[in-house]
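Tertiary structure, described
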Amino acid sequence: MKQSLELKIGQHLSMTPQLQQAIKLLQLSSLDLQQEVQEALDSNPMLETAEDESRTEATVQSLDDKEREQLQQPAINREKNDPSTSKSNDAELAATDDTAAQWNNDIPVELATDSSWDDTFQHGPSTSNSHTDFTNMESNDSSEETLQDHLNWQLNLTPLSAIDNIIAENIIDGVDTDGYLRIDLNEILQFFQDSSSPELQDIELDEIEAVLRRIQQFEPAGIAARNLSECLSIQLNQLPSDTPHLKNALTVVGLHIQLLGSHDYRTIMRKTRLSETHLQKTIELILTLNPQPGSSITPNTAEYIIPDVFVEKIAGYWQVRLNGDNSVNLTINDSYASLIKRADNSDDNNYLKNHLQEARWLIKSIQSRYDTLLKVSKQILERQLDFFEHGEMAMKPMVLQDIADAVDMHESTISRATTQKYMHTPNGIFELKYFFSSHVSTSDGGAASSTAIRALIKKILKTENPVKPLSDNKIANLLEADGINVARRTIAKYRESMGIAPSNERKRLL
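Residues numbered from 1 in each chain as written. Predicted model: local features only at pLDDT ≥ 70, side-chain atom pairs only at ≥ 80, totals over all residues. Heavy atoms only, no water.

With respect to the overall build of the chain
The secondary structure content of the chain amounts to 25 helices and nine strands. Expressed as a percentage of the 510 residues in the chain, the buried residues total 39%. Partitioning the contacts of the chain with sequence separation of at least 6, the portion at a separation of at least 24 is 68%. If you sum the accessible surface of the chain, you get close to 29,600 Å²; carbon and sulfur atoms cover 48% of it. (Helix = DSSP H or I, 4+ residues; strand = E, 2+ residues; numbered from the N terminus. Buried < 20%, exposed > 50% of the residue type's maximum accessible area, 1.4 Å probe, protein only. Contact = heavy atoms within 4.5 Å. Areas by Shrake-Rupley, 256 points an atom, 1.4 Å probe, with all protein chains shown as cover.)

Details of the packing of aromatic side chains
Per the stated rule, a full pass over the model turns up ten aromatic pairs. Between the aromatic rings of F191 and F192, the centroid separation amounts to 5.7 Å while the plane-to-plane angle is 55°, which identifies the pairing as tilted. Considering the side-chain rings of W318 and F388, the 5.7 Å spacing of their centres and the 50° angle between planes classify their relative orientation as tilted. Placement of W318 in strand β4 (residues 317–322) and of F388 in helix α20 (residues 385–390) is noted, with a sequence separation of 70 residues between them. Look at F388 and you get buried, because its relative accessible area is 3%. Ring-pair connections join several aromatic residues into one group, and the members of that group are W318, F387, F388, F430, Y434 and F435. Here the basic side chain of R321 rests over the ring of F310, its NZ or CZ set 4.5 Å away from the ring centre. (Phe/Tyr/Trp six-rings, centres within 6.5 Å; stacked < 30°, edge-to-face > 60°. Lys NZ or Arg CZ within 6 Å of the ring centre and 35° of its normal.)

Quick word on the confidence of the model for the chain
On average, residues of the chain carry a pLDDT of 81, and 79% of them reach 70 or more. Element-level pLDDT for the chain is lowest in helix α5 (residues 83–99), with a mean of 44, against a maximum mean of 95 in helix α13 (residues 228–237). pLDDT under 50 marks residues 111–115. Its contacts with residues more than four places away, or in other chains, come to 14 contacts. Note on residues 120–135: pLDDT under 50 across the span, and 20 contacts to partners over four residues away in sequence or across chains. (pLDDT = per-residue confidence, 0-100.)

Quick word on empty space enclosed by the protein
Summed over the entire model, instances satisfying the criterion amount to three cavities of 30 Å³ or more. Put simply, the second largest cavity is a space of about 80 Å³. Every residue lining the second largest cavity is listed: S30, L33, D308, L322, N323, N326, S327, R369, Y370 and L373. Of all the secondary-structure elements, those providing two or more residues to the lining of the second largest cavity are α2 (30–43) and α19 (347–383). Of the residues forming the lining of the second largest cavity, the biggest block, three residues, is contributed by α19. (1 Å grid on protein atoms, 1.4 Å probe; cavity = no way out; pocket = protein on both sides within 12 Å on 5 of 7 lines; lining within 4 Å. Points joined across faces, edges and corners; volume = space filled by probe spheres on them.)

Thoughts on the nonpolar core
Grouped together as the largest cluster of nonpolar side chains are 47 residues, with contacts concentrated most on I380 and F435. Counting residues per element, this core draws most heavily on α19, at twelve residues. Beyond its immediate stretch of four places on either side in the chain, I380 contacts F388, M398, I403, M423, L432, F435 and F436. L181, F192, V211 and F218 belong to the second largest nonpolar core, which has 22 residues in total. (Core = buried A, V, L, I, M, F, W, Y, C linked by side-chain atoms within 4.5 Å.)

Here's the deal with the pattern of salt bridges
Here the structure, examined in full by the defined rule, presents eight salt bridges. Here E36 and K24 are joined by a salt bridge, their closest N and O atoms 3.1 Å apart. Of this pair, E36 sits in helix α2 while K24 sits in helix α1 (residues 17–27); the two residues are twelve residues apart in sequence, bridging distant segments of the chain. The shortest N-O distance in the salt bridge between R495 and D472 comes to 3.0 Å. Residue R495 is found in helix α25 (residues 488–497), and its partner D472 is found in helix α24 (residues 472–481); the two are separated by 23 residues along the sequence. (Salt bridge = Lys/Arg side-chain N within 4 Å of Asp/Glu carboxyl O.)

Details of a negative patch on the surface
Taken together, E199, D202, E204, D206, E207 and E209 make up a surface patch of like negative charges. Looking at which element gives the most residues to the negative patch, the answer is helix α12 (residues 205–215), with three residues. Mapped onto the elements of the fold, E199 is located in helix α11 (residues 198–201). Here E199 falls in the exposed class, since its relative accessible area comes to 56%. (Patch = residues over 30% accessible without salt bridge, like charges linked within 9 Å, V, L, I, M, F, W, Y side chains within 5 Å. Lys, Arg positive; Asp, Glu negative; His and termini not counted. Charge placed at Lys NZ, Arg CZ, Asp CG, Glu CD.)

Notes on the pairing of strand β7 (residues 428–431)
When strand β6 (residues 422–425) meets β7, the two strands line up antiparallel, connected through four bridges. Within the sheet, the bridge partner assigned to Y422 lies in β7 and is E431. Between β6 and the antiparallel strand that follows it, β7, lie two residues. (Pairing = 2+ DSSP bridges.)

Examining helix α9 (residues 162–173)
With twelve residues, α9 extends 17 Å from end C-alpha to end C-alpha; this agrees with the ideal 16 Å at 1.5 Å per step. Inspection of α9 places I167, A168, I171 and I172 among the buried residues, and these make up the whole buried set. Down the axis of α9, the buried set is contained in an arc of 135°. They therefore lie on one face. When the buried face of α9 is taken as reference, the exposed residues oriented beyond 90 degrees from it are A162 and D173. Turning to α9, the residues buried within the fold contact α8 (147–156), α10 (185–193) and α12. (Expected span 1.5 Å × (residues − 1). Arc of directions from axis to C-beta.)

Section: unusual backbone geometry
Put simply, E219 and P220 share a cis peptide bond, and its omega is 0°. Relative to the assigned elements, P220 resides in the loop between α12 and α13. Its identity is not glycine, yet A224 carries a phi of approximately 65°, on the positive side. Take A224: it is sitting in the loop between α12 and α13. Of note in this structure, A315 is not a glycine but carries a positive phi near 55°. Counting through the fold element by element, A315 comes out in the loop between β3 (309–314) and β4. For A315, a relative accessible area of 71% corresponds to the exposed category.

Brief notes about the side chain of Q216
Summarising the element assignment, Q216 is placed in the loop between α12 and α13. On the basis of relative accessible area, Q216 is assigned to the buried category, the value being 6%. Residues within four places of Q216 in sequence aside, it is in contact with I223, A224, A225, E230, I234 and Q238.

Quick look at the structure:
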């Protein structure tokens, strides 16, 4: 085969470094964005934070009642871009660019496609590592008390012999976060028998059980139990002896805990010879106990959500505004920018030029992130206005492509803009992806949102008879009567996603 050269013309998508940076900043959460900006401030001398915060008024969009009426019409022409917002953003960017316009004529406006930052720019030493180390030092300053710490503190206050103290320490080490003893006592005994100490080798099983019973008197009540039945029995034995139905409760949790878990009340009444009223009172007493006593001591790290967008109704108008506390206002440092010389190609001058261009791109990318987030939030408000007015049962089906067509962007861009972004509404704080849901066909040819169907299932189950709870098939029939065609397995999937037990586990006595 003869070799030859051919020239072909084709088109393919390529991502410039500017686009890569804009996509990266768009998909970051607010906390991650602030960390990214802080690292840029530490490494780029051209960047500094702006003191004036004038974004609030420019980032508010409202939706009045007239627009609501237009949205309910079948055929409408919706605006895809807000001209006023675009003009305001262009004015801000122009003001930023004019600051260093006289020094950056030699700086390229665009980099070659598929290139990286390091191919064109040379960065100085970054201080991000020291910032990270400082953050880690701060996080190590505070420590929370664990369940083992709490039990060891009580052990130090308990008068025990040296041998019993060693046994107690081994028992406490075997308690998990829920408060249950997950190590068999025979394993602890075998550990002592394999020890080189003659005193530990002489320990017997009844000594370990005696120490265990002593630890089970610690707080919280029910600690160091080996199973659920023992845990509830420990808590019941610590109640006053004159507690009503205490004896019946001890019998039920001690002998019929499996029947109680399966809600087989008829068998329990037959074996205990309790009437329905007495069994109901006994179960009410058992429900006051804590099946996971260790959870009251185990530290739970709180997760705080800072909303990116606020939606509120003021004087009859729905308004969308960005959270000013999360906004990042960056500007060019005039002092360093004035040091750039146009015809100077020295290393110091190129260093300043490179960082100036990088700073300009970062500011534009952050501005684009805010504009995209605001446009997407406004479209969500327009399309899910019934949700903000009436709650989740009025949620409409909506997919990412609907918003992408409305704002003239790609679906992947909308997906990045709604990931880890939260909206504060009068109904609570929701992730932007919460407003997107699949649709289910209705009998009249329409569609219902899966979120609205979940809300309807909750409403139906709140009014069910606890003695004879509704099955998934019965719930599907009730929804079908309302014009919503949902299969039984779909009801089961929605119910499990909401953490609702099946009908046999929801059964209660009168």
